[in-house]
Amino acid sequence: MIVTLIVACEIAFWVLLAAGLALRYGARRPRLGAAVLLCEPVLELVMLVVTAVDLKNGAAPDWKHGLAAVYIGFTVGLGHSTIKWADARVAHRFAGGPPPVKPPKYGTARAVHEWRVAGRWTVAAVTALALLQAAVWYVGGDGDVSSLQSWQRTMLFVIGINLVIAASYTVFPEREPHKGPPAS
């Protein structure tokens, strides 16, 4: 049931996103579109409640409960930027908005961009870590929480990878290609 709920929430995320943007730009109802987009957090609340009820009813914590926590964490950390990304593209394509800003390619600007990305992923992973730890405490010492702890290790790995990527752009910044003198 938890896996089905996760899939349903993921589908609902994209449906709400499409509906909100369609209302915002297609129907020219920006407030209604924003209201639909603000319904996104309800999906995570539903998933959190259903997962907690499932554990409370005696379900053994397994990878599915961990995946639910990770899904919520990633929506918290990356959901807003995903919505902004889609909004910029829809506004440009269908409402005459400016072209979406591309991330910088070189130097300090690229390093700053990568640290922002790493920050979003870190927020996502830390949120998932906190939810996973809450589930461990909720289950208590009587249950097998090894699958939840495995997800915690994975989230620490995600943080580490993102920090290494951001640090690599800081320590080894990519330089803009040299443009030689114009040909005469």
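Reference entry: report on the structure contained in this document. (Residues numbered from 1 in each chain as written. Predicted model: local features only at pLDDT ≥ 70, side-chain atom pairs only at ≥ 80, totals over all residues. Heavy atoms only, no water.)

**Let's talk about the packing of helix H4 (residues 63–95) against helix H5 (residues 107–139)**
Put simply, H4 and H5 touch, their axes get as near as 7 Å, and they point 150° apart. When the axis of H4 is compared with that of H5, the two are roughly antiparallel. For the crossing formed where H4 meets H5, the hand is right-handed. Contact residues: Gly66, Ala69, Val70, Ile72, Gly73, Phe74, Val76, Gly77, Leu78 and Ser81 in H4; Arg120, Trp121, Val123, Ala124, Thr127, Ala128, Leu131 and Leu132 in H5. By residue class, the composition of the contact of H4 with H5 is 12 nonpolar, 5 polar and 1 charged. (Axes fitted to C-alpha atoms, helices over the stretch in contact; angles between N-to-C directions. Helix = DSSP H or I, 4+ residues; strand = E, 2+ residues; numbered from the N terminus. Parallel < 35°, antiparallel > 145°, perpendicular 65-115°, else oblique. Left-handed = near helix turned anticlockwise from the far one by under 90°. Contact = heavy atoms within 4.5 Å. Nonpolar A, V, L, I, M, F, W, Y, C, P; charged D, E, K, R; others polar.)

**Observations regarding helix H2 (residues 30–37)**
Spacing of three or four residues puts side chains on the same side of an α-helix, whose turn is 3.6 residues. Considered for burial, the residues of H2 that qualify are Gly33, Val36 and Leu37. The arc that holds every buried residue of H2, seen down its axis, measures 100°, which confines them to one face. If you follow the buried residues of H2, they end up packed against helix H1 (2–26), helix H3 (40–56) and H4. (Buried < 20%, exposed > 50% of the residue type's maximum accessible area, 1.4 Å probe, protein only. Arc of directions from axis to C-beta.)

**Quick word on the pattern of salt bridges**
In the structure shown here, the tally under the stated rule is 3 salt bridges. Here arginine 24 and aspartate 87 are joined by a salt bridge, their closest N and O atoms 3.5 Å apart. Of this pair, arginine 24 sits in helix H1 while aspartate 87 is found in helix H4, placing the two residues 63 residues apart along the sequence. Owing to a relative accessible area of 16%, aspartate 87 belongs among the buried residues under this scheme. Note that arginine 110 and glutamate 114 form a salt bridge whose closest N and O atoms lie 2.9 Å from each other. With arginine 110 and glutamate 114 both in helix H5, this residue pair falls 4 residues apart, about one helical turn. (Salt bridge = Lys/Arg side-chain N within 4 Å of Asp/Glu carboxyl O.)

**Thoughts on unusual backbone geometry**
For arginine 28, which is not a glycine, the phi torsion comes out positive at approximately 55°. Within the element layout of this structure, arginine 28 appears in the loop between H1 and H2.

**Here's the deal with the environment of serine 147**
Assignment of secondary structure puts serine 147 in helix H6 (residues 146–171). C-alpha separation for the pair serine 147 and cysteine 9, spaced 138 residues apart in sequence, amounts to 22 Å. Those residues in contact with serine 147 that lie beyond four places of it in its chain are Pro61, Asp62 and Trp63.

**Here we look at H5**
The first and last C-alpha atoms of H5 sit 48 Å apart over 33 residues, in line with the 48 Å expected at 1.5 Å per residue. The secondary structure elements touched by the buried residues of H5 are H3, H4 and H6. Downstream of H5 by one or two residues, glycine 140 has phi in the positive range, about 85°. (Expected span 1.5 Å × (residues − 1).)

**Let's talk about the environment of tryptophan 63**
You can see tryptophan 63 is positioned in helix H4. For tryptophan 63, a relative accessible area of 47% puts it in the partly exposed group. Along the primary structure tryptophan 63 and histidine 113 are separated by 50 residues, whereas in three dimensions their C-alpha atoms are 33 Å apart. Discounting chain neighbours no more than four positions away, the residues touching tryptophan 63 are Val3, Ser147 and Trp151.

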